[in-house]
Amino acid sequence: MTIASGSEQTQTDLVDVVVDDINVRVPKGTLVIRVAEQMGVEIPRFCDHPLLDPVAACRMCLIEIDGVPKPQPACAITVADGMKIRTQRTSPVAEKAQSGVMEFLLLNHPLDCPICDKGGECPLQNQAMSSGRGETRFEGKKRTFEKPIAISSQILLDRERCVSCARCTRFADQIAGDPMLELLERGAQQQVGVADDAPFNSYFSGNTIQICPVGALTSTLYRFRSRPFDLVSTPTTCEHCASGCSLRTDVRRGEVTRRLAWDDPEVNEEWNCDKGRFAFRYIRQDRIESPLVREDGRLRPASWPEALDIAARGLAAAQGRVGVLTGGRLTAEDAYSYAKFARVALRTDDIDFRARMASDEEAQFLAALVAGQPLGPTYADLDAASNVVLVGFEPEDESPIVLLRLRRAALKANTRVWSISASLTGGLAKMQGTWVPCQPGAEAQVMDDAQKDGSDDAFGAALRTPGAVLLVGERLAGIPGALSAAAALARNTGARLGWVPRRAGERGALDAGALSGLLPGGRPLTDPAARREVSDLWGVQADELPRYAGRRGSVPIAQSADAVIVAGVDPVDDPQGEQLMAALAGDRFVLSLETHHGPISELADVVLPVAVDAERAGTYVDWEGRSRSFGTAISGVTTVTDSRVLAMLADAMDESIGRGDVMELRAELATLGHWTGDRMSAPDVRPAPPAAGGLRLASWRLLLDLGRMQQGEPHLAGTARPTEAVMSAATAASRGLTEGSLVTVSTPDGSLTLPLRLDEVAHDTVWLPMHSPGCSIVQDLGAVPGDVVEVVPGGPR
Amino acid sequence: MTLTPVITEFWDRPDLYTLAGYERTGGYRALRTALAMDPDAIISQVKDTGLRGRGGAGFPTGLKWSFVPQGDDKPHYLVVNADESEPGACKDVPIMIANPHALVEGVIISSFAIRASHAVIYIRGEVPEAIRRVALAVSEAEAAGHLGHNIHGSGFDLKVIVHSGAGAYICGEETALLDSLEGYRGQPRLKPPFPAVAGLYSAPTVVNNVETITNIPWIINNGVEWFRQFGTEKSPGFKVFAVSGHVRRPGIYEAPLGITMRELLDYAGGMRDGSEVKFWVPGGSSVPMLTADHLDVPLTYEAMVEAGTMLGTGTPMVFDQTVSVVKAVTRWLEFYKHESCGKCTPCREGTFWITGVLKQFENGEGNDPDLDLLNELCEQIMGRSFCALGDAAATPYPAAVKLFRDEFITATHTPVDQTFDPARSFVFSETALSEVGAR
């Protein structure tokens, strides 16, 4: 029997060992517990976790090794050639050692299994059955603690149940880089705890609940809500960002009750962020439950046939002058349906999924370098990268799994991380990254300078090393010239280029052709071969497809259209949201396909309710370009997808785009595949000259903020970062501002008052959260990152 | 066997703890000799003496030093374990109070040998006298040029840090001590890597006991043959024995290894009036107890193992017939329960359980079957715990119940304080006993 982790494993890396009298050949350095696992021998364990460093504290996995006098912990011993190992299967010593440890573990463990969240899926319970004795021999009084205590608003700690395995503390320290959890006291009084003034407000805190081998850690959200055996589980993909986490959605009586990180070694491993884990209450709140039509200025419920009929007539009347705005939250299949519906049924190319900061430069960048490109750079490329340079991208807030991977790569594989950013963030510090200070708006200039002859910018040299990766964030669309500079920088240094959008559906929408000028798979609309491939599949003549690329940007599209279809768009995401709303409120026919009541559905002429992703199957394409399909978890409010509605609308308009069935749409996308022909060239926009005077505004959205899909989960919101302004000590001093005091940030359009924190921030720059409680830069200041703001001491005048 | 005061030779001089006092006894002569030597030669010399660690485990010191990789471009550290906290052990503290400069001189020579430019003396926080005297010795040595930059023109630099512990027995475990020094909770580390490869701040580190290091100046001054004339083949040299318990003159007796407990008892003036040896432990509470039958066993590492116990720290505690073995074992287990660091299950939970059961016996409420249960629990700890603290906790009971099972049986119905009046073991004079109304 040979157990090798990879095909490239050479013979010299293997050693021969004997486990329970079976000869096996395994890679040198493998832990004994992993060897046994791969042979199908389960050695009981608590503290061991394959993604955490061994600690050998629980002593549950004791096994016997020939020639070693004492039983040894299988989780901490690596195999050596010729080693003879006996597990509990063949060694009475190991079996006795394990049952002894089990007896000790149960000693002070409360008998509250019947009311414990973990009961039924509890490693302690399971292993007590397999390795424990039926009855206790302990007749004393158990150690008790107050139960539970809140170590954050979301995480509750029941210290009585804790077996001191230190998985949670090691996760917090080693994986998340948030060492806020620590074991306190000693002996039987040892307990997990946090400092009085520092709750466990880690973005990754929920993972500790999942890896806790007992019920010591529970969430306020799920505590006492269900028994594990009453749950029906479905593999799903997280809808919150472009990290692409594989999740398990657990449903009880038709309601999503909790979500767990699912094991996907290529993407999220076994982790996810708290937003992905806890933010799912939106599924049930404020849902649109039936079609609505406007009559006498008011929306009233209508039947599907009536609403579809009105919608079809409204769209038909505007034939050729219809705009389609799809937002970044749709599945790839739905985005594809919109792309197809627009071109086939509406005969328009006025379609854009970017309901956010966007530019023509970005559209060209995406068409040239991202749309319909094959997989990569990937997470594995980050693991293996020599250097990774981030621009306009804060992984901890904007794609948390990228942070975890880069952190591990930096700590364990010598990957060096660089960030061209307005501030040296905690996230960058966790990756031991190098900060390249950059005033917001100057990103393009900084990247251009690094490419000049004789430049001594270290990150430029870093990008020239083999295996280097340049990761740009979606935010760069707001900085003129930045994406042009990034494209040139990658081209000139040979680094791989990755684009990391914020929302889960952006990359899928781009690949599906939900952007004017682009057909599915990254095909240029104006390329004859591309038109032929697509029109053949769609069953139309090539010349029936729009001839010229349509308009770009939500506001231009809405303003020039007689009818607009809006789906999955939240105007607060768009700095031009106010203009968009004004355009939609004008004399136009507005069809809204929406899951939730919101500002756009409020002013639509027809509102058609569609399913949220828990209610339907679909696919998100993560930032790597990896398809992440998921199944239906609940029946919920409606099972009708955008694709189904569009198919019905097409029927009502006497057009045909297919049935709108997920499998059919996936098959079509697969048939089209990636475009391999010529592409548009990368943009070459020159940076804008720096504005004079004042402070520059730096901003991005924090992971936990006022986002629509986080609503209804106050315990999660309780772990969000505080709303505060951040600037450097020098900048603050030059304006007479002091740490902790209130400051007022203003533009001609408005002002905000919030406390000031001093940190490493670029000169003459102030950072604000983009859309957090008490601070929304678009709504409150009418500003975007890079704009000039004034900051003065004190509250509003 | 006669006493051989070496380390303790001048302890009657009131000024020995000062630099001048120490130098009058020939102090810091060894340092100059050593600085003229090749560091490797010092390691060899220490190896040749066969000096074994005096902290309890008896690991050969020179061998330990030779594990430190040389020429590795990493900083090396010498850490002196002065966290003497073992019940019954009281030899390092007196050394530090009486002759701190001998320790400091040993530190300098040892650091020179292993190429450490930083050394730390980690002293138990509960003994401020020792901390003050060692700190004073270090500053005096610094002022005299024995420490610091380019010591006596040798090109060797050394900084010595005196660090005070915060009251945890576990920090006497060498890796827990290192974690504590680094500012973490004192809990033992997973080995390997061993400190010699990755110790303090992940750099090669030697951790030695106070008495071990204090031996070094004499070894440099007098050589291998002189050292080996004391003791036995496997336990060469002399030992600072600290005798406590029901003897007339408890105290420090320095003698060659191989001296017997009977001889030490004689030097200590014998047992107090009318009393006889009931049981004794040769090296702190962490080693199995012996009885009067073992008084003639040589106090060497090897003979003690043969007798079923260990030399340990070489600090015999002697108990007479007034002491309840049940009570003594319960006290020790209470200590281990209190000091268990909590990291591993067997020690954390096992000491909790055993102590509870022993308390029942102490109160006369023990149950017969629990005698075997306790043995089993000790077996479930012994060799299963993360570090030696668990093993130590599992040590006293099995030996005690083997030798004194009857006493435990009595404790199933009669509180031990009725069987053994505590006053009789605490109070030495008969007059006082009658005053307190002892039974």
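Position numbers for residues start from 1 in each chain and track the written sequence from start to end. Chains carry letters from A onward and ligands carry numbers from 1 onward, assigned in written order. The model is predicted, so local features are restricted to residues of pLDDT at least 70 and side-chain atom pairs to those at 80 or more, both for listing and for counting; the totals for chains, interfaces and linings are taken over all residues. Values shown for side chains rest on all heavy atoms present in the structure; no hydrogens or waters enter the calculation.

1. Structural notes on the overall build of chain A
Where we set the bar: Comment: elements are numbered from the N terminus, with helices defined as DSSP H or I runs of at least four residues and strands as E runs of at least two. With the radius of gyration taken over C-alpha atoms, the globule rule is written as 2.2 Å times the number of residues to the power 0.38. The contact criterion used throughout is that any non-hydrogen atoms of two residues lie within 4.5 Å. Areas reported as accessible are Shrake-Rupley estimates using a 1.4 Å probe. Residue values count occlusion only from the protein chains shown.
Counting its secondary structure elements, chain A contains 26 helices and 37 strands. Computed over C-alpha atoms, the radius of gyration of chain A comes to 28 Å, within 12% of the 28 Å expected from 2.2 N^0.38 for 797 residues, which places it in the range of a compact globule. The C-alpha extent of chain A, read off along each of the three principal axes, is 85 × 65 × 55 Å. Pairs at least 24 residues apart make up 71% of the contacts formed inside chain A by residues separated by at least 6 positions. Summing over all exposed atoms, chain A offers an accessible surface of approximately 29500 Å²; the carbon and sulfur share of this is 51%.

2. What to know about empty space enclosed by the protein
Residue and element names in this part refer to chain A. Put simply, the rule is: The way it works is a 1 Å grid over only the protein atoms, where trapped points that fit a 1.4 Å probe form a cavity and open points with protein on both sides within 12 Å along at least five of seven lines form a pocket, and then any residue with an atom within 4 Å of a point lines it. Grid points are joined across faces, edges and corners, and a volume is the space filled by probe spheres set on the points. Here the nonpolar group is Ala, Val, Leu, Ile, Met, Phe, Trp, Tyr, Cys and Pro; Asp, Glu, Lys and Arg are the charged ones; every other residue, Gly included, is treated as polar.
Following the criterion strictly, the structure yields 11 cavities of 30 Å³ or more and no others. Lining of the largest cavity is provided by 18 residues; of these, M357, R503, D573, R701 and M770 occupy positions nearest its centre. Split into classes, the residues belonging to the lining of the largest cavity amount to seven nonpolar, three polar and eight charged.

3. Let's talk about the environment of B:D296
Residue and element names in this part refer to chain B. Selection criterion: Definition of a polar contact: a pair of N or O atoms within 3.5 Å, with one able to donate and the other able to accept a hydrogen when the atoms are protein atoms, and with sequence-neighbouring residues admitted only if both atoms are side-chain atoms.
Summarising the element assignment, D296 is placed in the loop between β7 (277-281) and α12 (301-306). Along the sequence, D296 and V197 sit 99 residues apart, while their C-alpha atoms lie 41 Å from each other. With residues up to four places along the chain from it excluded, the contact list for D296 reads T260 and R262. At 2.8 Å, the side chain of D296 forms a polar contact with the side chain of R262.

4. Re the pattern of salt bridges
Put simply, the rule reads: Salt-bridge detection follows one rule: a side-chain nitrogen of Lys or Arg within 4 Å of a carboxyl oxygen of Asp or Glu.
Under the definition given, this model contains 92 salt bridges over all chains. Several salt bridges share partner residues, and in doing so they unite A:R329, A:D352, A:R354, A:R356, A:E362, A:E474, A:R503, A:E506, A:D573, A:R701 and A:D705 into one network.

5. What about the side chain of A:R258?
Residues and elements named next belong to chain A. This is how the line gets drawn: Relative accessibility under 20% of the residue-type maximum defines a buried residue, over 50% an exposed one, and the middle range a partly exposed one, all with a 1.4 Å probe and only protein chains included.
By secondary structure assignment, the location of R258 is in strand β13 (residues 255-261). Look at R258 and you get buried, because its relative accessible area is 9%. Reaching out from R258, the side chain makes a polar contact with the side chain of E121 at a distance of 2.8 Å. Within the structure, R258 has its side chain in polar contact with the side chain of D250 (distance 2.8 Å). Among all residues touching R258, those that are not within four sequence positions of it are E121, Y222, L231, R248, T249, D250 and F280.

6. Topic: the interface of chain B and chain A
Which entries qualify depends on this criterion: Joining two parts hides part of their accessible area as seen by a 1.4 Å probe, and the buried area is that hidden amount summed over both.
Across the boundary between the two partners, chain B contributes 32 residues, which contact 36 residues of chain A. Of the roughly 2700 Å² buried at the junction of chain B and chain A (both faces included), carbon and sulfur atoms supply 54%. At the boundary of chain B with chain A, the tally comes to four salt bridges. Between A:K70 and B:D391 there is a salt bridge, with the nearest N and O atoms lying 3.4 Å from each other. Taken together, chain B and chain A are joined by 22 residue pairs in polar contact (both at pLDDT 80 or more).

7. Some thoughts on the domain arrangement of chain A
Keep this limit in mind: Start and end points for every domain follow an automatic or database-based domain assignment.
On domain assignment, one finds that chain A holds domain 1 (11-107), domain 2 (116-125 + 136-280), domain 3 (292-356 + 506-672), domain 4 (367-500) and domain 5 (695-793). Taken over C-alpha atoms, the centre of domain 1 of chain A sits 42 Å from the centre of domain 4 of chain A.

8. A word on the pairing of strand β2 (residues 22-27) of chain A
All names here are of chain A. We apply this condition: At least two DSSP bridges between two strands are required for those strands to pair.
The sheet contact formed by strand β1 (residues 14-19) and β2 spans six bridges and is antiparallel. If you follow V15 over to β2, its bridge partner there is V26. Between β1 and β2, which pair antiparallel and follow one another directly, the connecting turn spans two residues, one of which, D20, has a positive phi of 50°.

9. Quick notes on the packing of aromatic side chains
Condition: Pairing of aromatic rings covers Phe, Tyr and the six-membered ring of Trp, with a centre-to-centre limit of 6.5 Å; geometry is then stacked below 30 degrees between planes, edge-to-face above 60, and tilted otherwise.
Evaluated as defined, the whole model comprises 25 aromatic pairs over all chains. When the ring of B:F227 is compared with that of B:F238, the centres are 5.4 Å apart and the planes differ by 65°; the resulting orientation is edge-to-face. Here the residue B:F227 occupies a position in helix α10 (residues 210-228), and B:F238 occupies one in strand β5 (residues 238-245), the gap between them amounting to 11 residues. Of the two residues, B:F227 and B:F238, neither departs from the other in class, the shared state being buried. Here a set of aromatic residues connected by ring pairs shows up, and it is made of A:F104, A:F138, B:F352 and B:W353.

10. Considering the nonpolar core
Residues and elements named next belong to chain A. Condition: Remark: nonpolar core denotes a set of buried residues (Ala, Val, Leu, Ile, Met, Phe, Trp, Tyr, Cys) joined through side-chain atoms within 4.5 Å.
Counting residues in each nonpolar core, the largest one holds 89 residues, and the members touching the most others are L382 and L471. The biggest single contributor to this core is helix α12 (residues 400-412), with six residues. In this structure L471 touches L382, V388, V389, L390, V391, F393, V402, G498, V500 and W623, once residues within four positions along its chain are discounted.

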